[in-house]
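# Per-entry structural report
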Amino acid sequence: MVRAVLLDAEGTLFHIHPSVGGVYARVLRGFGIKVRPEEIEARFRGLWPALKRELTQFQPAPCLEFWRKAFLETVAPWLDGLPREEVFREAYEIFARPEAFRLAPGGLEALAFLKAQRVKLAMLSNWDDRLSRLVEASGVRPYFERVLAA
């Protein structure tokens with residue numbers, strides 16, 4: 001008998017939608033810059049391996065500085081004349097909101113089933129404080145005993 005289930009966030013329950021490039025393109029559109037999401041996605045994917053290798057240099061508070069670097073390097077070709085910090089903050093905060101994600105197909109039904117079976121649910125992820133805001137805003141917080149970001 002299963003008594004507890006521990007879930008990860010992105011890639012398990014939540015999926016970035018439509019893509020990192022799509023979300024970044026939406027942010028740039030809000031600042032008057034039109035760019036194809038596919039261009040941003042390709043640039044992000046090309047930079048990602050090197051960015052991941054550099055992650056350790058941002059300790060002990062990696063998330064904000066890491067994502068600032070990742071975002072600004074990814075969209076550098078389109079930032080001329082824009083308030084860089086303001087654009088970054090919007091891109092950073094959008095990942096705390098459900099509009100940048102979709103729940104996994106059948107995810108809500110699975111959570112409801114497990115809850116009905118009195119299985120304790122927790123989420124543990126390598127996110128930051130945005131995770132609890134995303135879980136709350138997505139309406140799935142009542143299913144979880146704990147939501148922990150490491």
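One structure accompanies this document, and this report is about it. Just so it is clear, the model here is predicted, and its values are computed rather than measured.

This part covers the overall build of the protein. The helix and strand inventory of the protein stands at six helices and five strands. Along the protein, helices (α) and strands (β) appear in the sequence β-β-α-α-α-α-β-α-β-α-β when read from the amino end. Principal-axis analysis of the C-alpha atoms places the extent of the protein at approximately 55 × 30 × 25 Å. A total of 150 residues make up the protein; the buried ones form 38% of that total. A separation threshold of at least 6 residues defines the contact pool for the protein, and within that pool the share at least 24 residues apart is 67%. Summing over all exposed atoms, the protein offers an accessible surface of approximately 8,600 Å²; the carbon and sulfur share of this is 56%. When the 22 basic and 19 acidic side-chain charges of the protein are each reduced to a single mean position, those positions are 5 Å apart.

Alignment of strand β1 (residues 4-7) against strand β4 (residues 120-125), held across four bridges, turns out to be parallel. Following the sheet pairing, leucine 6 is matched in β4 by alanine 122. Here β4 runs beside strand β5 (residues 146-149); their pairing, made up of four bridges, is parallel. If you follow alanine 122 over to β5, its bridge partner there is arginine 146.

Moving on: helix α1 (residues 20-30). Here α1 lies mainly inside the structure; eight of its 11 residues are buried. Every buried residue of α1 is accounted for by Val20, Gly21, Gly22, Val23, Tyr24, Ala25, Val27 and Leu28. Among the residues trailing α1, glycine 32 stands out with phi positive, at a value near 85 degrees.

The next point concerns the nonpolar core. The biggest cluster of nonpolar side chains holds 40 residues, and the ones touching the most others in it are Phe14, Tyr24, Leu28, Met123 and Phe144. Looking at this core, the elements that each hand over two or more residues are α1, α2 (37-54), α3 (62-75), α4 (84-94), β4 and α6 (130-137). The element that contributes the greatest number of residues to this core is α1, accounting for six residues. Excluding anything up to four places from it in sequence, tyrosine 24 contacts Ile40, Phe44, Trp67, Phe71, Thr74, Val75, Ala91 and Phe95.

Below, the discussion takes up the sheet that holds β5. The strand order across the open sheet formed by three strands is β1-β4-β5, and the pairing between neighbours is parallel. A strand with exactly one partner marks an edge of an open sheet, and here the two such strands are β1 and β5. Going from strand to strand, the sheet's axes swing by 15 degrees on average, the running direction of each strand aside. Of the strands in this sheet, β4 and β5 are in contact with α6, which crosses β5 at around 145 degrees.

The rules behind the values
Residues numbered from 1 in each chain as written. Predicted model: local features only at pLDDT ≥ 70, side-chain atom pairs only at ≥ 80, totals over all residues. Heavy atoms only, no water. Helix = DSSP H or I, 4+ residues; strand = E, 2+ residues; numbered from the N terminus. Buried < 20%, exposed > 50% of the residue type's maximum accessible area, 1.4 Å probe, protein only. Contact = heavy atoms within 4.5 Å. Areas by Shrake-Rupley, 256 points an atom, 1.4 Å probe, with all protein chains shown as cover. Lys, Arg positive; Asp, Glu negative; His and termini not counted. Charge placed at Lys NZ, Arg CZ, Asp CG, Glu CD. Pairing = 2+ DSSP bridges. Core = buried A, V, L, I, M, F, W, Y, C linked by side-chain atoms within 4.5 Å. Axes fitted to C-alpha atoms, helices over the stretch in contact; angles between N-to-C directions.

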